[in-house]
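Examination of the molecular architecture
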Amino acid sequence: NAALLAATSEDAFVEYILDGQPEPPPYFGRMKVQNRQGPAVLGARPTPKKVRDGKLSELCGATGVAVLDTRPWDDYRAAHLPGALHAPLNTRFNTVAGCYVPDGMPVYLLIEEDRVDEAVADLIHVGLDHIAGFATPEMFQHYTGAGAQVSRVEQVDGAGFDPSEHADAFLLDVRRAAELETQGAIPGAYNIAHTRLLERIEEVPNDRRVIVYCRTGPRSGYASGLLDRFGYDVVNIGGGIVAWNGGKAGEPADQR
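Let me begin by describing the structure that accompanies this report. (Residues numbered from 1 in each chain as written. Predicted model: local features only at pLDDT ≥ 70, side-chain atom pairs only at ≥ 80, totals over all residues. Heavy atoms only, no water.)

Details of empty space enclosed by the protein
Across all of its chains, the model carries 1 cavity of 30 Å³ or more by this definition. For the largest cavity, the calculated volume is near 60 Å³. Secondary structure elements with two or more residues in the lining of the largest cavity: helix H4 (55-59), strand S3 (107-110) and strand S4 (131-135). Here the lining of the largest cavity gets 3 residues from one element, more than from any other, and that element is S3. For the lining of the largest cavity, the per-class residue count stands at 11 nonpolar, no polar and no charged. (1 Å grid on protein atoms, 1.4 Å probe; cavity = no way out; pocket = protein on both sides within 12 Å on 5 of 7 lines; lining within 4 Å. Points joined across faces, edges and corners; volume = space filled by probe spheres on them. Helix = DSSP H or I, 4+ residues; strand = E, 2+ residues; numbered from the N terminus. Nonpolar A, V, L, I, M, F, W, Y, C, P; charged D, E, K, R; others polar.)

Some thoughts on the nonpolar core
Counting residues in each nonpolar core, the largest one holds 43 residues, and the members touching the most others are Leu68, Leu109, Leu123, Leu172, Val204 and Leu227. Per-element accounting of this core gives the leading share, 5 residues, to helix H6 (residues 93-100). The residues contacting Leu227, other than those within four sequence positions of it, are Leu172, Leu197, Ile201, Val204, Val210, Val212, Tyr232 and Val234. Membership of the second largest hydrophobic core comes to 15 residues, among which are Val65, Leu81, Tyr108 and Tyr143. (Core = buried A, V, L, I, M, F, W, Y, C linked by side-chain atoms within 4.5 Å. Buried < 20%, exposed > 50% of the residue type's maximum accessible area, 1.4 Å probe, protein only. Contact = heavy atoms within 4.5 Å.)

What about the sheet that holds strand S9 (residues 234-238)?
Taken in spatial order, the 5 strands line up as S5-S9-S8-S6-S7 in an open sheet, and their pairing is parallel. The open sheet has two edge strands, strand S5 (154-157) and strand S7 (190-191), and neither has a second partner. As defined by bridge partners, strand S6 (residues 170-173) adjoins strand S8 (residues 210-213) across 4 bridges and the pair is classed as parallel. Opposite Asp173, over in S8, you have Tyr213 as the bridge partner. Against the sheet, helix H10 (residues 218-229) touches S6, S8 and S9, its axis set at about 175° to S9. (Pairing = 2+ DSSP bridges. Axes fitted to C-alpha atoms, helices over the stretch in contact; angles between N-to-C directions.)

Focus on the environment of Val234
Mapped onto the secondary structure, Val234 falls in strand S9. For the pair Val234 and Arg208, spaced 26 residues apart in sequence, the C-alpha to C-alpha distance is 9.0 Å. Leave out the neighbours within four places in its chain, and Val234 touches Val153, Glu154, Val210, Val212, Ser224, Leu227 and Asp228.

Some points on the pairing of strand S1 (residues 66-69)
Alternating residues of S1 divide into Ala66 and Leu68 and Val67 and Asp69, and every residue in both groups is buried. In this sheet, S3 lies alongside S1 in parallel orientation, the contact comprising 4 bridges. Paired with Asp69 across the bridge in S3 is Leu110. For S1 and strand S2 (residues 85-86), the ladder comprises 2 bridges, and the chain directions are parallel. Considered in S2, the bridge of Asp69 is made with His86.

As for the packing of aromatic side chains
The tally for this structure, following the rule as stated, stands at 4 aromatic pairs. With centroids separated by 5.9 Å and ring planes inclined at 25°, the aromatic side chains of Trp73 and Tyr76 adopt a geometry described as stacked. Linking Trp73 with Tyr76, this pair stays in helix H5 (residues 73-78), spanning 3 residues, or about one helical turn. Residue class for Trp73 comes out buried when judged on its relative accessible area of 17%. (Phe/Tyr/Trp six-rings, centres within 6.5 Å; stacked < 30°, edge-to-face > 60°.)

This is a description of form; function is not addressed.
Here it is as structure tokens:
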């Protein structure tokens, strides 16, 4: 065990353990408190109901609730409910939800009905117990077909991105800080790990277009959704720094 071999002293052990660690998501603090003191008694697992017709219009742009849109990125960026977050139901779902949804905020899901229980279990695991209801992608299609208001996120191809052509924009790198040392960065970029973006969002100017990238695209998609929720004029770089750098940059697949 390399950690034990590094434990020549308490300070050496702590330094070894913390070296290269990713920025901890904000919900880790909540989990530590619950692990130490015990969580609130949940009782039966929440069983959210399908929302009634017309509820999507009420949720449009609502700030007191979180709408987690689990559809694929291309569907989300083409049209989504104003204020909805991009949170596809994959291995990163509970991380995105845990980082972007404040404690106690009611959650609505845009999700296939047969995956609701899976999403509820993931949300409970990060302490998000107030799942108020869900709508299906088909319901959203019906909503958009009636000419209702939607939001969109612009995307540009990383392979053709030239930062000198966007001098007036704010370039945001949402990778972990340690990645910049091994993979480099696009010149002029400001770094905030996507998991810490909600608590540091005031560092992002809201009077300029914000162009976001990560390594290959997924994390910048999550971040773009959060910025869109807060009213930013946001553009995602498709393919991330790998596309911009001609397919170069090494990182484990689970950190994409």
